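The lines below spell out each chain.
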Amino acid sequence: MRTINKIIAIDYETADAASKNNQGAAKAIEFSAIEISPDFQEIPGGRHHKIIGLNPSIVPNVEAYGITGIDPIASEKVAMTEFDFADFVSKLYLSQPNTAIMGYNSIAFDDEVTRHTLYRNLLSPYEHEFSKGNFRIDVYKAIQLAYAMAPNVINWPRKEDGTVSLKLEDLTKANGISHEHAHSAESDVLATIALAKMLSEANPKLWAHVLNCTDKNYTSDLMYQSDMFFHVERFYGKENRYTKVMAVGAPNPEIPSQIICVDLNSPDFDEMLGLSPEQIRERRFRKLENQDNGILGLQNIATNKMPMVVKATPNLLEHYKDQFNLDIERINRNLRTLQNTPEFKRVLQESVVSERDVPKAYAHQLYFMPSFPSRETKKILAEMHRKDRDGNPRIMTTSIAELASKTDDPERYYDLALMAKWDNFYRYFLSPGNHSSIDKVEFVDWVDRLQDKLERGWDGTQTLDEFDKNFTRYMKESVLSEEKMIVLNNLKYVVDDKRKLLEGLRQTAEEMRPEAEAERANRRDYKAFYASVNRRGVPQLGY
């Protein structure tokens, strides 16, 4: 059983949809957290609510503001910088050992927002999740397990087509939980706490198993030590209550925390055994008709993402055969075949070795990191959050070239630190009292990146022109209250202002560029930076 000193229940509202390929990189604009005891009692002084400023490099998503109703102009007056928020949330999560970070659909979304926020602002993106005994609880996954294996614990809301809804706002309504302002961060946090408390009281044994599944060693041991196990995952489909009977096929050779598992109830099982690694790879990425997952009876299960796994005993197979549409004879036959085909392990492992070209990486994308930073690099980067006597973080007075040259990936951290410094503090640097002393090289480099992101997009991020099209479409198709109309018109004003800001910055950058390039060629910090890039042989990043 997990040791828990406290739980921090959290929720984000975000300004954008981030990247088409990387949803977790969305920009946080509202964060709420409530600290509670393991028995779900609120800890005095444990409520936290933060509004985070909209950086100039972010093009907001009209649908996001249409849902949350957050006024971008009013919120900006009380907002903190993303750089300062990253420092706050890192310290909050690491404030006490054995802290559980809990949310609803948080492993897929909120935790990813935290990771990317910390990474963009030069802090460790993962340490808060495991350091000092910390771990993560996703109540959404617990709800899926309850629906699959203990459906009598709570009331299940139904959609118009008769299927069950697992949306937080629908579940709270069906179970008499107060949730007056869905998609308000604090309201969603309170609803998540109440739902988790209800689940734990209705079925303590199930809740204890949920907590066990937050431990990757527990889930890994359960899978490897069981001939077969149930795996509950929403994308498996409603016809079998989101559950499949799986067996371990092979460890993933590229990602140690993942296990390649085989669906023993799959009608494709015999065909799959006869395929080559290349054929399996092609089939796994091909969407199959009428199958939500389209994965040929194979699934990579990440042991560190709280998989809902339960050992499949003969009694449990019999008990759930109708609910999960199980062919027990087929399952046992396929298990015997898998156990008698040891060479299939090699085939599976070869099938996940990527032969696709990795796209040119942008520094801001966490999941294109070739390796974890060294301890020395993490220390250098974290130092940028230390405040001077005026209360300003050190990054504001640090040469980005000098900083990056001391790290183990100079180009990556030049881009990251440059964006963190100028995206968060550009108003300070461009104010009348500081304008004459700004770092011209950094300014020109930042404006180049800013223009590229706003006008071309980075790996699918929304551009200014795309915002205009989406805004027109959304306003035409949506039925909006007067309050929402005000919010969205203010959003349009903010984006138009962003476009004017970019034009002014671009003109200033072009005026400064000749002098900036001369400085770049002669400055000691930039000579050291380019020397460190050449010395380490780091692949060149795009921006």
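In this text, all values refer to a predicted model and were calculated from it rather than measured experimentally.

Moving on, we come to the overall build of the protein chain. Counting its secondary structure elements, the protein chain contains 22 helices and 10 strands. Dimensions of the protein chain, computed from C-alpha atoms along their principal axes, come out at roughly 80 × 55 × 50 Å. Every one of the 543 residues in the protein chain was classed for burial, and the buried ones make up 56%. Surface summary for the protein chain: the accessible area is close to 25000 Å², and the carbon and sulfur share equals 48%. Distance between charge centroids for the protein chain: 3 Å, based on 70 positive and 81 negative side chains.

Here we come to the sheet that holds strand 5 (residues 135–138). The strand order 3-2-1-4-5 describes an open sheet built from 5 strands, whose pairing is mixed. Each having just a single partner strand, strand 3 (42–51) and strand 5 make up the two edges of the open sheet. Taking each pair of neighbouring strands and ignoring which way they run, the sheet shows an average axis angle of 20 degrees. In this structure, strand 4 (residues 99–103) lies alongside strand 5, joined through 4 bridges in parallel fashion. Opposite Gly103, over in strand 5, you have Asp138 as the bridge partner. The sheet strands contacting helix 3 (residues 82–93) are strand 1 (6–14), strand 2 (28–36), strand 3 and strand 4, and the helix crosses strand 2 at an angle near 20 degrees. Here helix 8 (residues 185–202) sits on the sheet and contacts strand 1, strand 2, strand 3 and strand 4; the angle it forms with strand 2, its principal contact strand, is near 35 degrees.

Note on backbone geometry: most residues besides glycine have negative phi, and most peptide bonds are trans. Located in the positive-phi region is Asn105, a residue other than glycine, with phi close to 60 degrees. With respect to the helices and strands, Asn105 occurs in the loop between strand 4 and helix 4 (106–120). Not every positive phi belongs to a glycine, and Arg241 is a case in point at roughly 50 degrees. Relative to the helices and strands, Arg241 is located in the loop between strand 6 (229–232) and strand 7 (243–251).

Let's shift gears to the nonpolar core. Membership of the largest hydrophobic core comes to 80 residues, with the highest contact counts inside it found for Met102, Tyr104, Ile143, Trp156, Trp207, Phe230 and Leu264. Per-element tally for this core: the top contributor is helix 6 (residues 139–149), with 9 residues. Beyond its immediate stretch of four places on either side in the chain, Leu264 contacts Met228, Val245, Met246, Ala247, Phe269, Arg330, Ile331, Asn334, Leu335 and Leu338. Formed by 58 residues, the second largest nonpolar core is a distinct cluster that contains Met384, Phe471, Tyr474 and Leu505.

Right, let's get into the packing of helix 20 (residues 464–477) against helix 21 (residues 482–522). Axis separation between helix 20 and helix 21 bottoms out at 11 Å; the angle between their running directions is 165 degrees. Judged on the interaxial angle alone, helix 21 and helix 20 are roughly antiparallel. For the crossing formed where helix 20 meets helix 21, the hand is left-handed. Here helix 20 contributes Leu464, Asp465, Phe467, Asp468, Phe471, Tyr474 and Met475 to the contact with helix 21, which in turn contributes Met485, Leu488, Asn489, Leu491, Lys492, Val495, Lys498, Arg499 and Leu502. Its residues placed into classes, the contact of helix 20 with helix 21 shows 10 nonpolar, 1 polar and 5 charged.

We now examine the packing of aromatic side chains. Scanning the model with the defined rule gives 27 aromatic pairs in all. Their ring planes at 65 degrees and their centres at 5.2 Å tell us that Tyr147 and Trp156 sit as a pair that is edge-to-face. The same class applies to Tyr147 and to Trp156, which are both buried. What links up through ring pairs into an aromatic cluster is the set Trp422, Tyr426, Tyr428, Phe429, Phe443 and Trp446. The ring of Phe135 carries the charged tip of Arg2 above its face, separated from the ring centre by 4.3 Å. The cationic tip of Lys50 hangs over the ring face of Phe88; the distance from NZ or CZ to the ring centre is 4.7 Å.

Of all residues in the protein chain, 91% attain a pLDDT of 70 or more, and the chain-wide mean is 90. Below a pLDDT of 50 lies the segment residues 287–294, which in the model reaches 12 contacts outside its immediate sequence neighbourhood of four places, other chains included. Segment residues 355–361: pLDDT under 50, and 11 contacts once partners within four positions in sequence are set aside and those in other chains are kept.

Time to look at the sheet that holds strand 10 (residues 308–311). Strand order in the open sheet made by the 5 strands is 9-8-7-6-10, with antiparallel pairing throughout. Of all strands in the sheet, those bounded by a partner on one side alone are strand 9 (298–302) and strand 10. Put simply, the sheet's adjacent strands are angled 45 degrees from each other on average, direction ignored.

Mapped onto the secondary structure, Met102 falls in strand 4. C-alpha separation for the pair Met102 and Ile10, spaced 92 residues apart in sequence, amounts to 6.2 Å. Not counting residues up to four positions away in its chain, the partners in contact with Met102 are Ile7, Ile8, Ala9, Ile10, Ile36, Ile137, Val139, Thr192, Ile193 and Ala196.

A few words on the packing of helix 19 (residues 440–456) against helix 21. Between helix 19 and helix 21, the shortest axis-to-axis distance is 7 Å and the interhelical angle comes to 140 degrees. The angle between helix 19 and helix 21 places the two elements in the oblique class. Where helix 19 crosses over helix 21, the handedness of that crossing is left-handed. On the side of helix 19, the interface is formed by Lys440, Val441, Phe443, Val444, Asp445, Trp446, Val447, Asp448, Leu450, Gln451, Leu454 and Glu455, while helix 21 contributes Lys498, Leu502, Leu505, Arg506, Thr508, Ala509, Met512, Arg513, Glu515, Ala516, Glu519 and Arg520.

Within the structure shown, the criterion is met by 38 salt bridges. A salt bridge links Glu442 to Lys421; its shortest N-O distance comes to 2.9 Å. Of the two residues, Glu442 sits in helix 19 while Lys421 sits in helix 18 (residues 410–429), which places them 21 residues apart along the sequence. When salt bridges with common partners are traced through the structure, they connect Asp111, Glu112, Arg115, Glu129 and Arg136 into a single cluster.

What counts, and at which threshold
- Residues numbered from 1 in each chain as written.
- Predicted model: local features only at pLDDT ≥ 70, side-chain atom pairs only at ≥ 80, totals over all residues.
- Heavy atoms only, no water.
- Helix = DSSP H or I, 4+ residues; strand = E, 2+ residues; numbered from the N terminus.
- Buried < 20%, exposed > 50% of the residue type's maximum accessible area, 1.4 Å probe, protein only.
- Areas by Shrake-Rupley, 256 points an atom, 1.4 Å probe, with all protein chains shown as cover.
- Lys, Arg positive; Asp, Glu negative; His and termini not counted.
- Charge placed at Lys NZ, Arg CZ, Asp CG, Glu CD.
- Pairing = 2+ DSSP bridges.
- Axes fitted to C-alpha atoms, helices over the stretch in contact; angles between N-to-C directions.
- Contact = heavy atoms within 4.5 Å.
- Core = buried A, V, L, I, M, F, W, Y, C linked by side-chain atoms within 4.5 Å.
- Parallel < 35°, antiparallel > 145°, perpendicular 65-115°, else oblique.
- Left-handed = near helix turned anticlockwise from the far one by under 90°.
- Nonpolar A, V, L, I, M, F, W, Y, C, P; charged D, E, K, R; others polar.
- Phe/Tyr/Trp six-rings, centres within 6.5 Å; stacked < 30°, edge-to-face > 60°.
- Lys NZ or Arg CZ within 6 Å of the ring centre and 35° of its normal.
- pLDDT = per-residue confidence, 0-100.
- Salt bridge = Lys/Arg side-chain N within 4 Å of Asp/Glu carboxyl O.

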